[in-house]
Amino acid sequence: VTNLLNNVILQKKGTFLQKGEKMDVRDLYLSHIQLVVLSHENGKLNHIRLGAPHNYFAVIRKGYAIFYVDGRGVEANPGDLVYIPRGLAYDSEWHGDGFCEFYSLPFTFRYLSENSAFSLQSVNDETMDFSGIMDRMLKNAKDDPALFLSDFFQLYSYANSHFESNPCRIEDNR
């Protein structure tokens, strides 16, 4: 069962794919993709004022994070899959025992309208091992790029069928 913790709709002028909507394979041309493991010290605050340069999938490995947009927060815990749309200006707060560690997977589609099919959100699905997928992707980035891309598109397919693109009111966490 998918447990959407929170979501915030972020839309400039564009349209979002509707849940489960199909897209043409030509829309999936990637102009950028990378996978890195990052960490922040406990209590670290990040301010992304100019907007995220890419779309991001992130999976929290240790600790937890809260992403703020307009004073509203989306919390992400270990194993959660987070989506951050391209162009989003946000703040993030990182907490953990000494540090917080996470996978960061920035990507950009060359032709997909608005390059943000979903709103900012975090999802915890006990039937999906997001950390395991990211572990495998990290290994395959060097050993087998085709399997790396296959795992990326598995995540994107999951997001397309499970993530919400409709606005949802969330608590003010600030």
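Just above sits the structure.
Residues numbered from 1 in each chain as written. Predicted model: local features only at pLDDT ≥ 70, side-chain atom pairs only at ≥ 80, totals over all residues. Heavy atoms only, no water.

A. The arrangement of the overall build of the protein chain in detail. Within the protein chain, the regular secondary structure consists of 2 helices and 11 strands. Its helices and strands taken in sequence order, the protein chain reads β-β-β-β-β-β-β-β-β-β-β-α-α from the N to the C terminus. Split into buried and exposed, the 174 residues of the protein chain put 45% on the buried side. Taking contacts inside the protein chain between residues at least 6 apart in sequence as the whole, the part at least 24 apart equals 85%. As displayed, the protein chain offers around 9100 Å² of accessible surface, 49% of which is attributable to carbon and sulfur atoms. (Helix = DSSP H or I, 4+ residues; strand = E, 2+ residues; numbered from the N terminus. Buried < 20%, exposed > 50% of the residue type's maximum accessible area, 1.4 Å probe, protein only. Contact = heavy atoms within 4.5 Å. Areas by Shrake-Rupley, 256 points an atom, 1.4 Å probe, with all protein chains shown as cover.)

B. Focus on helix α1 (residues 130-143). Over its 14 residues, α1 runs 20 Å from end to end, which matches the ideal 20 Å to within 8%, given 1.5 Å per residue. Those residues of α1 that fall on the buried side of the exposure criterion are Phe130, Ser131, Gly132, Ile133, Met134, Met137 and Asn140. Looking at the buried side of α1, the elements it contacts are β5 (55-62), β8 (81-84), β10 (99-109), β11 (120-125) and α2 (145-162). (Expected span 1.5 Å × (residues − 1).)

C. Layout of unusual backbone geometry. Not every positive phi belongs to a glycine, and aspartate 70 is a case in point at roughly 50°. Structurally, aspartate 70 is set in the loop between β6 (64-69) and β7 (72-76). By relative accessible area, aspartate 70 is classed as exposed at 66%.

D. Molecular detail of the side chain of aspartate 125. Along the polypeptide, aspartate 125 turns up in strand β11. Its relative accessible area of 5% is what places aspartate 125 among the buried residues. Within polar-contact distance, the side chain of aspartate 125 engages the side chain of tyrosine 158 at 2.6 Å. (Polar contact = N/O pair within 3.5 Å; in protein donor to acceptor, adjacent residues only side chain to side chain.)

E. The arrangement of the packing of α1 against α2 in detail. The N-to-C vectors of α1 and α2 enclose an angle of 150°; their axes lie 7 Å apart at closest approach. As judged from the angle between their axes, α1 and α2 are roughly antiparallel. Crossing geometry of α1 relative to α2 is assigned as left-handed. Here Phe130, Ile133, Met134, Arg136, Met137, Asn140, Ala141 and Asp143 of α1 come into contact with α2, specifically with Pro145, Leu147, Phe148, Asp151, Phe152, Gln154, Leu155 and Tyr158. (Axes fitted to C-alpha atoms, helices over the stretch in contact; angles between N-to-C directions. Parallel < 35°, antiparallel > 145°, perpendicular 65-115°, else oblique. Left-handed = near helix turned anticlockwise from the far one by under 90°.)

F. Main features of α2. In a regular helix each residue adds 1.5 Å, so 18 residues correspond to 26 Å; α2 covers 26 Å between its end C-alpha atoms and thus fits that length. What α2 keeps buried is the set Phe148, Asp151, Phe152, Leu155, Tyr156, Tyr158, Ala159 and Asn160.

G. Examining the sheet that holds strand β4 (residues 45-48) more closely. Taking strand neighbours across the sheet as the criterion, the 4 strands line up as β4-β9-β6-β7 in an open arrangement whose pairing is antiparallel. Unpaired on one side and paired on the other, β4 and β7 mark the two borders of the sheet. Ignoring strand direction, the axes of neighbouring strands in this sheet form an average angle of 20°. Here β6 runs beside β7; their pairing, made up of 5 bridges, is antiparallel. (Pairing = 2+ DSSP bridges.)

Interpretation in functional terms is not warranted from these geometric data alone.
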